[in-house]
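A closer look at the structure
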Amino acid sequence: MPRLVILAFVTLVGALALVPRGFWWTGRTPAAPLEMVEGGPEVAMAGRLWIDTDAACGAGPQTDPDDCFAVLWLLGRGADVVGISTSFGNAPGAVVQDRMAALVAEMRKEGMAVPPIHAGFPGPRDRANPTPEAVGALRAALEAGPLTILALGPMTNLAAALDGRPDLTAKVQRVVAVMGHQEGHLFHPSEGNGRGAMLGHGPIFRDLNARVDIAAVRDVLALDLPITLIPYDAGRGVVITGRDLQLYARQGQAQGWLAATAQDWLGFWRSEVGTEGFYPFDWVAAAYVVEPQLFDCAPVRTEVRREWALWLFPLEGLVVSPATGGAALYCPKVAEGLHDLLLTP
């Protein structure tokens, strides 16, 4: 083994030895307590819904299927989804478009009505490149009336659609975004059995949706829109097991196809994370749009801030802190009945 590799390994192990054991296993240092409101506060959301997604179901053995569960669940419940835009994050933009097309094909086999799917940015916004179709479609939908925007991926398409269009910001009734965390908190599935990767800890996830395009997050936050953040902790309030997928698959052809695509993801969580099932982060966020009273939330201040991941690597992230009367809501706790709601046809 080259000396440089050995030196890097020794340095990493030495640095990790300095990390307090409690932080290593839980992924969090003490943070200021949030003023949680059980089942609220009450929010106003437009009936018309736009979904922005980085769906990757079935794209690979370690790709998150949660977006597809969220989209299928909302359409199956008759939500007034006026449009869907594709993004990037869980997979490259072209792969996301392919996966959404595959899901739509399965839904149409059952005669389900599917709204238009619009191709969005395949990566962080580059003003030198043409504006994708999704930006114009989202602008047109906002011009037609108020929207609730469910951002299951990065905020790239939303930031571009609102750029230079102050007339449209008032039409955004609420943004529901899967991102954000408290200061000193990392994304650790610390409930695992200790037999996974990372020295027995299991994988350490990123606040992916924020970090893949932090500039877009900063741009959207500057608009001071009503926003609800559904963080990692909310997702960990629901576990989808193999038994759940078996029952889900019986609900229809699209459900059966989606349950099959999720098997590798389930296997990854069992072997590497050490849990009996996976946390359906984006599916949980979809539930907030339908039943927000099933979430305990706190008003918070939002800030894009540089942090030290594992105290070793500087990264910018979306950090929340307590703020009485803050415009943003942070909803880290879900009601016990949410699991059954997600699995109810």
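Heads up: the structure comes first, above all this text.
Residues numbered from 1 in each chain as written. Predicted model: local features only at pLDDT ≥ 70, side-chain atom pairs only at ≥ 80, totals over all residues. Heavy atoms only, no water.

**A closer look at the environment of P166**
Position of P166 relative to the elements: it lies in helix α7 (residues 166-169). A relative accessible area of 63% means that P166 is categorised as exposed. Considering only alpha carbons, one finds P166 and L223, 57 residues apart in sequence, at a separation of 8.7 Å. (Helix = DSSP H or I, 4+ residues; strand = E, 2+ residues; numbered from the N terminus. Buried < 20%, exposed > 50% of the residue type's maximum accessible area, 1.4 Å probe, protein only.)

**Re the nonpolar core**
Among the nonpolar cores identified, the biggest contains 62 residues, and L150 and F295 are the most heavily contacted of them. Setting aside chain neighbours within four positions, we find F295 in contact with V37, E38, G39, G40, I230, V284, A287, Y288, C331, K333, V334 and L338. Core analysis: the next-biggest nonpolar cluster, separate from the first, contains 37 residues, L142, A159, I214 and V320 among them. (Core = buried A, V, L, I, M, F, W, Y, C linked by side-chain atoms within 4.5 Å. Contact = heavy atoms within 4.5 Å.)

**A short note on helix α3 (residues 66-76)**
Where burial is concerned, most of α3 is hidden: 10 out of the 11 residues are buried. Those residues of α3 that fall on the buried side of the exposure criterion are D66, D67, C68, F69, A70, V71, L72, W73, L74 and L75.

**A look at the pairing of strand β1 (residues 48-53)**
With 5 of 6 residues buried, β1 is to be regarded as a mostly interior element. Alignment of β1 against strand β2 (residues 80-86), held across 6 bridges, turns out to be parallel. Opposite W50, over in β2, you have G83 as the bridge partner. In this fold, β1 hands off to α3, which returns the chain to β2; that crossover is right-handed. Relative to strand β4 (residues 147-151), β1 runs parallel, the two being bridged by 4 bridges. (Pairing = 2+ DSSP bridges. Right-handed = clockwise from strand over helix to strand, strands pointing away.)

**Section: the side chain of R211**
Along the polypeptide, R211 turns up in helix α8 (residues 208-211). Under the relative-accessibility criterion, R211 is labelled buried at 18%. Within the local environment of R211, its side chain forms a polar contact with the backbone oxygen of E316, the two atoms lying 3.2 Å apart. When sequence neighbours within four positions are dropped, the list of residues in contact with R211 reads H181, R206, E307, L315, E316 and G317. (Polar contact = N/O pair within 3.5 Å; in protein donor to acceptor, adjacent residues only side chain to side chain.)

**Looking at the state of the cysteines**
One covalent bond between the sulfur atoms of two cysteine residues makes up a disulfide. A complete count under the given rule lists 2 disulfides for this structure. The disulfide that involves C57 links it to C68, with 2.0 Å between the sulfurs. Between C57 and C68, the S-S torsion sits near -60°, and that sign places the bridge as left-handed. On the criterion of sequence distance, the pair formed by C57 in the loop between β1 and α3 and C68 in helix α3 is long-range, its members being 11 residues apart. Accessibility assignment for this pair places C57 and C68 in one class, buried. (Disulfide = S-S within 2.5 Å.)

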